[in-house]
Amino acid sequence: MTTNIDPTVVPDAARAVRVSRVHGEGDTTVRALDDITIGFPRGRFTAVMGPSGSGKSTLLHCLAGLDAVTDGAVYLGDTELGSLSDRQLTRLRRDRIGFVFQAFNLLPTMTALENIVLPASLAGRRSDPAWLDRVVAAVGLEQRLQHRPGELSGGQQQRVAVARALVGRPEIVMADEPTGNLDSRAGAEVLALLRNAVDELGQTVLMVTHDPVAAGYADSVVFLADGRIADHMEAPTPDRVLDRMKAFDRVAAGAGSRGE
Ligand SMILES: Nc1ncnc2c1ncn2[C@@H]1O[C@H](COP(=O)(O)OP(=O)(O)OP(=O)(O)O)[C@@H](O)[C@H]1O
């Protein structure tokens, strides 16, 4: 167990300690994560970037308890996920993590409002009405609450998904390519919402993205390469992130094909 005795240290919302994740067996094994140790501080917006196949989604899935680590440990707050049963993990995801996916993942037969409050209803809780109003106002959906997803634009659907993620006041919001299916204007709105959730609502956000513009909304960027942490950038701008990503491409080109 670790204890923060320095009160100036911001405790981590989520943390990976010496995490490896190996897929497959024998000749076909892939080391998707290779001895990763990293913490995601509370109240910050962190982006995870890296070349395709570098382990970004695997890291997010391990941190959310959607995938099991091969070695090491992941923590949500002080809870070590490896010690939990499947049932406890399901409850932890429902009660303590907000998710935003590329594909929105809304239920088509429910209204926007019903989708937003669904996780709380499943948990047998009533959403705090004042907080619900604040979140709905923050995502700009006051006039759309009775619409079904099919009656909303992609950007509006993703704003419903962001509201759904925020309404339970989770310890962390995990977003996997949240702008991947959106045009640049709708994407900018969703990113501004996530930024606002951190600045105005004190939320913690962890976002996997390919897009340097999206990463520019974060407080910091963690770069993965070959399942390891390759770099870290504070106060990113799209240009600096793009330059860093180009450097990965140059290394990859210089190394040639990595083979099997
Ligand atoms: N279920 C699986 N079985 C076998 N290999 C897997 C599995 N899931 C992921 N991998 C491999 O693990 C590595 C990391 O995959 P991951 O999806 O985490 O990368 P990523 O950085 O998110 O990629 P992308 O940007 O393309 O989405 C890749 O080589 C991938 O092929």
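That block above? That's the structure.
To keep things clear, this report deals only with the structure shown in the data block. The structure presented is a predicted model; accordingly, all values stated were derived computationally and were not measured.

Thresholds, definitions, all that
- Residues numbered from 1 in each chain as written.
- Predicted model: local features only at pLDDT ≥ 70, side-chain atom pairs only at ≥ 80, totals over all residues.
- Helix = DSSP H or I, 4+ residues; strand = E, 2+ residues; numbered from the N terminus.
- Rg over C-alpha atoms; globule rule 2.2 N^0.38 Å.
- Expected span 1.5 Å × (residues − 1).
- Buried ≥ 20, exposed ≤ 12 C-beta atoms within 10 Å, placed from the backbone.
- Contact = placed C-beta atoms within 7 Å.
- Pairing = 2+ DSSP bridges.
- Right-handed = clockwise from strand over helix to strand, strands pointing away.

Below, the discussion takes up the overall build of the chain. The helix and strand inventory of the chain stands at 8 helices and 10 strands. Taking 18 Å as the expected radius of gyration for a compact globule of 260 residues, we find that the chain reaches 19 Å, a close match to that expectation. When the backbone C-alpha atoms are referred to their principal axes, the chain occupies close to 55 × 40 × 40 Å.

Taking 1.5 Å as the rise per residue, helix α5 (residues 154-167) with 14 residues should run 20 Å; its terminal C-alpha atoms sit 20 Å apart, in good agreement. Taken across its 14 residues, α5 has 12 buried, putting it largely inside the fold. Within α5, burial applies to Q156, Q157, Q158, R159, V160, A161, V162, A163, R164, A165, L166 and V167. Against β6 (97-101), α3 (112-122), α4 (129-138), β7 (172-176) and α6 (184-201) lie the buried residues of α5. Remark: R169 follows α5 within two positions and exhibits a positive phi of approximately 45°.

Moving on, we get to the pairing of β7. Among the 5 residues in β7, 5 count as buried, and that is most of the element. Covered by surrounding structure in β7 are I172, M174 and D176 together with V173 and A175, the residues of both alternating faces. As paired elements, β6 and β7 share 5 bridges and run parallel to each other. Opposite V100, over in β7, you have A175 as the bridge partner. The handedness of the β7 to strand β8 (residues 205-208) crossover, carried by α6, is right-handed.

Across 8 bridges, the pairing between strand β1 (residues 12-23) and strand β2 (residues 30-41) is antiparallel. Its bridge partner lying in β2, R15 is registered against G39. Between β1 and the antiparallel strand that follows it, β2, lie 6 residues; G24 among them carries a positive phi value of about 75°.

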